Amino acid sequence: MVGEQNLAVLVGELKGQVAHLTDAVREGTRRSDEGRRALYGRIDGIEQQIGQMALHVQTIETRVAAVEPGAGFATRFRDGLSGVRLFLGFVILVCGGAIGAFWDRLINNLGSTP
């Protein structure tokens, strides 16, 4: 009888340990499932953000493509004006030199005649 009581106590302890272990496994599985759901939720959020960023980049590329021909014209026009300004500066310097030479000659000729 004592052996049966010890056996019954041992079986009861084992059942308790198995129940505790089963509860621990269920809890671990539940936590793992929650963590997995949270991770997949984050991944879905990142994928949505990537999609939004792709649309944003595509919109920016479209705007740049629309502005690019005008910007190219403005750049060519500005470069052309730089050349014109250099040419006009050269012409002004030449004219200034010619006026200076004429003035010098005029002064020298007036000063040499009595």
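The structure contained in this document is the topic of the report that follows.

So, how was this worked out
Residues numbered from 1 in each chain as written. Predicted model: local features only at pLDDT ≥ 70, side-chain atom pairs only at ≥ 80, totals over all residues. Heavy atoms only, no water. Helix = DSSP H or I, 4+ residues; strand = E, 2+ residues; numbered from the N terminus. Rg over C-alpha atoms; globule rule 2.2 N^0.38 Å. Buried < 20%, exposed > 50% of the residue type's maximum accessible area, 1.4 Å probe, protein only. Areas by Shrake-Rupley, 256 points an atom, 1.4 Å probe, with all protein chains shown as cover. Lys, Arg positive; Asp, Glu negative; His and termini not counted. Charge placed at Lys NZ, Arg CZ, Asp CG, Glu CD. Salt bridge = Lys/Arg side-chain N within 4 Å of Asp/Glu carboxyl O.

As for the overall build of the protein chain
Scanning the protein chain from N- to C-terminus turns up 1 helix and 0 strands. Relative to its length of 114 residues, the protein chain is extended, with a C-alpha radius of gyration of 47 Å against a globular reference of 13 Å. Per-residue burial for the protein chain yields a buried fraction of 0% across its 114 residues. Carbon and sulfur atoms provide 67% of the accessible area of the protein chain, an area that totals close to 10300 Å². Considering the protein chain, the positive charge centre built from 12 side chains and the negative charge centre built from 12 side chains are found 9 Å apart.

Considering the pattern of salt bridges
Evaluation of the coordinates by the stated rule reveals 5 salt bridges. For Arg 26, the salt bridge is made with Asp 23, and the minimal N-O distance between the two is 3.9 Å. Remark: Asp 23 and Arg 26 occur in helix H1 (residues 2–112); sequence separation between them is 3 residues, near one turn of the helix. Here Asp 23 falls in the partly exposed class, since its relative accessible area comes to 45%. Here Glu 34 ties to Arg 30 by a salt bridge, and the two come within 2.5 Å at their closest N and O atoms. Of this pair, Glu 34 and Arg 30 both sit in helix H1, 4 residues apart, which is roughly one turn of that helix.

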